Amino acid sequence: MRIRRLLTPCLLTTILGAWLPVVADEPSRKVEEVVLRGRAVLLSEAVKELKLGVAVDPEPASRQVVVIGDDGGVTPLLADLGSRALFQDDRLRGGRVEVAGRRFEGVPYVQAVTFQIERDGRFQTPEYYCNICTISVRHPQICPCCQGEMELRMKPERP
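Residues numbered from 1 in each chain as written. Predicted model: local features only at pLDDT ≥ 70, side-chain atom pairs only at ≥ 80, totals over all residues. Heavy atoms only, no water.

## Overview of the sheet that holds strand β5 (residues 110-119)
Sheet architecture is open: 6 strands sit in the order β3-β2-β1-β4-β5-β6, paired in antiparallel fashion. At either end of the open sheet lies a strand with only one pairing partner, and these are β3 (74-76) and β6 (122-124). Adjacent strand axes in the sheet meet at a mean angle of 40 degrees, parallel and antiparallel pairs treated alike. Note that β5 and β6 share 3 bridges and pair antiparallel. By the bridge assignment, I117 is partnered in β6 with Q124. (Pairing = 2+ DSSP bridges. Helix = DSSP H or I, 4+ residues; strand = E, 2+ residues; numbered from the N terminus. Axes fitted to C-alpha atoms, helices over the stretch in contact; angles between N-to-C directions.)

As structure tokens, this is what we get:
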């Protein structure tokens, strides 16, 4: 019992001591919530479409997803979990999108939190669904349960 009383404060001190410096070292940047509306395309396509007259290195430019906004501005997306499907699935690019995300001060990229694709005249959320296991995920992959194929579908609207 006595050892337990001694170990508990030691463990808390160790855990907090390891955690606090990480929190204190994080830079404080302003974060702005944004909604981008436009078309999601690869950077290489955007450069051609906008007729910039610039010869870009095709390999990296063909992997970067950008949103050409309704205002003509080009905004690159960070490649992370929120935008992974746009990077991996060609079927989601080219049409109109609405991306809700975060813009960090001093960083030209936007982190996508969620996005929707315009289909049948309305914005819908894509998902990858396993009909066998009834599991849905946000980006293309094999089913984590049965290891089968997952199909792209638009998330059903809730009543």
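## Comments concerning a nonpolar patch on the surface
Judged by side-chain polarity, L50, L52, V54, V56 and V74 come together as a nonpolar surface patch covering roughly 370 Å² of accessible area. Assignment of secondary structure puts V56 in the loop between α2 (43-49) and α3 (58-61). (Patch = residues over 30% accessible without salt bridge, like charges linked within 9 Å, V, L, I, M, F, W, Y side chains within 5 Å. Areas by Shrake-Rupley, 256 points an atom, 1.4 Å probe, with all protein chains shown as cover. Salt bridge = Lys/Arg side-chain N within 4 Å of Asp/Glu carboxyl O.)

## Side note on the sheet that holds strand β8 (residues 135-137)
With respect to topology, 3 strands assemble into an open sheet ordered β8-β7-β9, the strand pairing being antiparallel. Strands with a single pairing partner mark the edges of an open sheet, and in this sheet they are β8 and β9 (151-154). The average angle at which neighbouring strand axes cross in this sheet is 40 degrees, direction not considered. Note: strand β7 (residues 126-130) against β8, 3 bridges, orientation antiparallel. Among the inter-strand pairings, Y129 is bridged to a residue of β8, identified as S136.

## With respect to the pairing of β5
Bridge count for strand β4 (residues 96-104) against β5 is 7 bridges, and the pairing is antiparallel. Among the inter-strand pairings, V99 is bridged to a residue of β5, identified as F115. Count of turn residues in the β4/β5 antiparallel hairpin: 5 residues, of which G106 carries a positive phi of about 80 degrees. From the end of β5 to the start of β6, which pair antiparallel, there are 2 residues, and D120 there has a positive phi angle of about 55 degrees.

## Some thoughts on unusual backbone geometry
Phi is mostly negative for residues that are not glycine, and the peptide bonds are mostly trans. In this structure, T134 is a non-glycine residue whose phi angle is positive, near 55 degrees. Tracing the backbone through its elements, the reader meets T134 in the loop between β7 and β8. On the basis of relative accessible area, T134 is assigned to the exposed category, the value being 53%. Backbone geometry at Q147 places phi at a positive 65 degrees, although glycine is not the residue there. Structurally, Q147 can be placed in the loop between β8 and β9. For Q147, a relative accessible area of 49% corresponds to the partly exposed category. (Buried < 20%, exposed > 50% of the residue type's maximum accessible area, 1.4 Å probe, protein only.)

## Regarding the packing of aromatic side chains
Working definition: an aromatic ring pair is given by the centre-to-centre distance plus the angle between the planes. This structure, assessed with the given rule, holds 0 aromatic pairs. The lysine or arginine in question, R153, covers the ring of Y129, its NZ or CZ lying 3.6 Å from the ring centre. (Phe/Tyr/Trp six-rings, centres within 6.5 Å; stacked < 30°, edge-to-face > 60°. Lys NZ or Arg CZ within 6 Å of the ring centre and 35° of its normal.)

## Observations concerning the environment of R122
One can find R122 in strand β6. C-alpha separation for the pair R122 and R96, spaced 26 residues apart in sequence, amounts to 9.9 Å.

## What about the pattern of salt bridges?
In this structure the tally under the stated criterion is 8 salt bridges. We note a salt bridge from R96 to E118, for which the minimum N-O separation is 3.6 Å. Here R96 is found in strand β4, whereas its partner E118 is found in strand β5, with 22 residues between them in sequence. Judged by its relative accessible area of 31%, E118 falls in the partly exposed class. One salt-bridge network, held together by shared partners, links D70, R96 and E118.

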